[in-house]
Amino acid sequence: MSLISNITAATLAKDIRLEWRSKDAINSMLFFGLLVVVVFSFSFDPIAEESRRIAGGLVWVAFLFAAVVALNQTWAREVRNQVLDAYRVSPAPANSLFLAKALGNFLFVIVLEALMTPLFIVFYKLRALGPAWMLIPIAVLGTWALVVNGSFFAAMSLRTRAREIMLPLLLFPISLPAILAMVRATTAILTADEPAKFWIVLLVAYDVVFTTACLLLFETVLQAE
Amino acid sequence: MKRAFPILGVLTAVLLSYGLYEALVAAPTEQTMGDVQRIFYYHVSSAWTAFLLFTINFVASVIYLIRRSPVADPVAVVTAEVGLVFCTVVLVTGPIWARPVWGIWWTWDVRLTSTLVLWLIYVSYLMLRRFSTSGQTPLLAAVLAVFGALDVPLVYFSIWFFRTQHPQPVIGGGGSIDSRMMHALLINWLAFLCFAFLVCWSRYRLEMLRREVEEIQSQKSMFEARGAR
């Protein structure tokens, strides 16, 4: 167990340091997210009451598209210098690499969400009618649901043509229940029309099921060449 | 084995024509919906056939993941492709029936949504197979099939939370159905199963031939490369 956590920590620290120095993923995600916010905002120009109903969907669609930008770069560095091949022959457990990548992406997307949320509040005149602190667990669970499968499918799409297009094609159909749950839960909090509990439970179930599946199958996918 | 194929073909043709007669002429007209209801015999038979094929696809994928059996993967390809066709028939005939009966083409009901998501997952499954460049396509596809199978119950459960609009299943759902309608439905399902099996079989032979040709070509190019040296 400590071997897994040591290697995970080392890989994660490396990724964060690289990202801190280059800021490739976070910059492209941020700008992309900003563009989505602006485009949606002036194409709908909603009043406060309307935006409460649609903001849940808009926010998550923006985060989803922006997350794909980061997810697509997950393995790019490892492929370039045959790091992945070195990883395959090393005795390090495959899951520690996967966890490091998923946690790294999780961190990047959470940072993105933290920076984008004020923008949404400004552009869409948002004010939650329900308990606003509940949005934090929803964001954490929802983001994990996206990045755990995203990191996994990014590894799968390494061996395809047009891999940057392949990732959303694989990720979106599988993520539909999670996206529905995040959007519904967020809308429930914003409008205070219905309880968000069911959707949070669904997100937890989704996270547990797919984290388990990813951890069980990642070694198979990593070794497939 | 070679002779069984045309026999099955003739049997399928006979069953499909008999099924058509049963569905359009012999089965009684439904009291409230009228003749529109007759699409039911095709809609439901296609749905059952598609779900059966997707189940076989899932089982074959799991077998491939565990044993790397060389038969399991072509079975998975074939059932995914043919299943997707039947699933498309379900998704097209559904709205045609729903428009006059419900007054709307589509609603985000539990069965409709799950079927659509299943359809989307299998489209992405076939895209993955098409775009994959490595020799490990079967493995990646099998992994995706397992993910898809995990996803469908979650979709079903999430939409089930809303009330559902789709008619309850006539079998095992507490609904009642005229015995002649049931007869027409079962005949059509049998015909569709035979048809699906026939298509799967020829597609399976095609897939095996394709693999054989690939093998021979790679051997030939290896041989030529050695000769050139």
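As shown above, the structure is provided for reference.
Residues numbered from 1 in each chain as written. Chains lettered and ligands numbered in written order. Predicted model: local features only at pLDDT ≥ 70, side-chain atom pairs only at ≥ 80, totals over all residues. Heavy atoms only, no water.

A word on the overall build of chain A. The secondary structure content of chain A amounts to nine helices and zero strands. The secondary structure elements of chain A, listed N-terminal to C-terminal, are α-α-α-α-α-α-α-α-α. Here the C-alpha atoms of chain A give a radius of gyration of 18 Å, agreeing with the 17 Å that 2.2 N^0.38 yields for 225 residues. Looking at the 225 residues of chain A, the share that counts as buried comes to 52%. Counted over contacts in chain A with a minimum sequence separation of 6, partners at least 24 positions apart contribute 85%. Of the roughly 10,100 Å² of accessible surface on chain A, a fraction of 70% belongs to carbon and sulfur atoms. One way to put it: in chain A the 17 positive side-chain charges average out to a point 4 Å from where the 15 negative ones average out. (Helix = DSSP H or I, 4+ residues; strand = E, 2+ residues; numbered from the N terminus. Rg over C-alpha atoms; globule rule 2.2 N^0.38 Å. Buried < 20%, exposed > 50% of the residue type's maximum accessible area, 1.4 Å probe, protein only. Contact = heavy atoms within 4.5 Å. Areas by Shrake-Rupley, 256 points an atom, 1.4 Å probe, with all protein chains shown as cover. Lys, Arg positive; Asp, Glu negative; His and termini not counted. Charge placed at Lys NZ, Arg CZ, Asp CG, Glu CD.)

Our focus in this paragraph is helix H9 (residues 197-223) of chain A. Taking 1.5 Å per residue as the helical rise, H9(A) with its 27 residues ought to reach 39 Å, and the 40 Å between its terminal C-alpha atoms agrees with that figure. Along H9(A), the helix axis deviates most sharply at A:Leu217, where the bend reaches about 45°. (Expected span 1.5 Å × (residues − 1). Bend = angle between axes of the 7 residues up to and from the residue.)

Moving on, we get to the interface of chain B and chain A. One widely used convention gives an interface's size as the accessible area the parts lose upon coming together. Taken together, the contacts link 30 residues of chain B with 30 residues of chain A. Roughly 2,800 Å² of surface becomes buried between chain B and chain A when both sides are summed, with 84% attributable to carbon and sulfur atoms. Sorting the residues of chain B by area buried against chain A places B:Phe131, B:Phe147 and B:Leu154 first, and these three jointly supply 23% of that buried surface. Linking chain B with chain A are zero salt bridges. (Buried area = accessible area lost by both parts, 1.4 Å probe. Salt bridge = Lys/Arg side-chain N within 4 Å of Asp/Glu carboxyl O.)

If you trace the backbone, A:Ala188 turns up in helix H8 (residues 163-191). Non-local contacts of A:Ala188, meaning those with residues more than four positions away in its chain, are made with A:Asp193, A:Glu194, A:Pro195 and A:Ala196.

Okay, unusual backbone geometry next. As a rule of thumb, non-glycine residues mostly have phi less than zero, and peptide bonds are mostly trans rather than cis. Positioned with a positive phi, A:Gln82 is a non-glycine residue whose angle comes to about 55°. Its identity is not glycine, yet B:Arg68 carries a phi of approximately 55°, on the positive side. Topologically, B:Arg68 is positioned in the loop between helix H2 (40-67) and helix H3 (72-102).

Two aromatic rings are characterised by how far apart their centres lie and by the angle between their planes. This model, assessed by the stated rule, comprises 25 aromatic pairs over all chains. Arranged with centres 4.6 Å apart and planes meeting at 40°, the rings of A:Tyr206 and A:Phe210 form a pair that is tilted. With a gap of four residues between them, A:Tyr206 and A:Phe210 both fall in helix H9, about one helical turn apart. In this structure A:Tyr206 comes out as buried when scored by relative accessible area, which is 1%. Using a relative accessible area of 0% as the deciding quantity, one classes A:Phe210 as buried. With a centroid separation of 5.1 Å and 75° between ring planes, the pair formed by B:Phe5 and B:Trp201 is classed as edge-to-face. Separated by 196 residues along the polypeptide, B:Phe5 in helix H1 (residues 4-26) and B:Trp201 in helix H6 (residues 179-228) bring together distant segments of the chain. On the basis of relative accessible area, B:Phe5 is assigned to the partly exposed category, the value being 21%. On the basis of relative accessibility, which here comes to 15%, the residue B:Trp201 falls in the buried class. Members of the aromatic cluster, joined through ring pairs, are A:Trp75, A:Phe98, A:Phe152, A:Phe153, A:Tyr206, A:Phe210, A:Phe218 and B:Phe147. Between the NZ or CZ atom of A:Lys23 and the centre of the ring of A:Trp20, over which it lies, the distance is 4.9 Å. Taking NZ or CZ as reference, B:Arg205 lies 5.0 Å from the ring centre of B:Phe5, over its face. (Phe/Tyr/Trp six-rings, centres within 6.5 Å; stacked < 30°, edge-to-face > 60°. Lys NZ or Arg CZ within 6 Å of the ring centre and 35° of its normal.)

Right, let's get into the nonpolar core. Membership of the largest hydrophobic core comes to 112 residues, with the highest contact counts inside it found for A:Phe120, A:Phe152, A:Phe153, A:Met156, B:Tyr125 and B:Phe147. Setting aside residues up to four positions removed in sequence, B:Tyr125 forms contacts with B:Asn57, B:Ser61, B:Ala76, B:Val77, B:Ala80, B:Ala141, B:Leu144 and B:Ala145. Within the second largest apolar cluster, eight residues are counted, among which are B:Ala23, B:Ala27, B:Phe40 and B:Ala184. (Core = buried A, V, L, I, M, F, W, Y, C linked by side-chain atoms within 4.5 Å.)

An α-helical turn contains 3.6 residues, so any two residues separated by three or four positions project in the same direction. Look at H2(B): 40 Å from first C-alpha to last across 28 residues, which is about the 40 Å you get at 1.5 Å a residue. Once H2(B) finishes, B:Arg68 follows within two positions and takes phi at roughly 55°, a positive value.

Within the secondary structure, A:Ser157 is located in the loop between helix H7 (135-156) and H8. Its relative accessible area of 2% is what places A:Ser157 among the buried residues.

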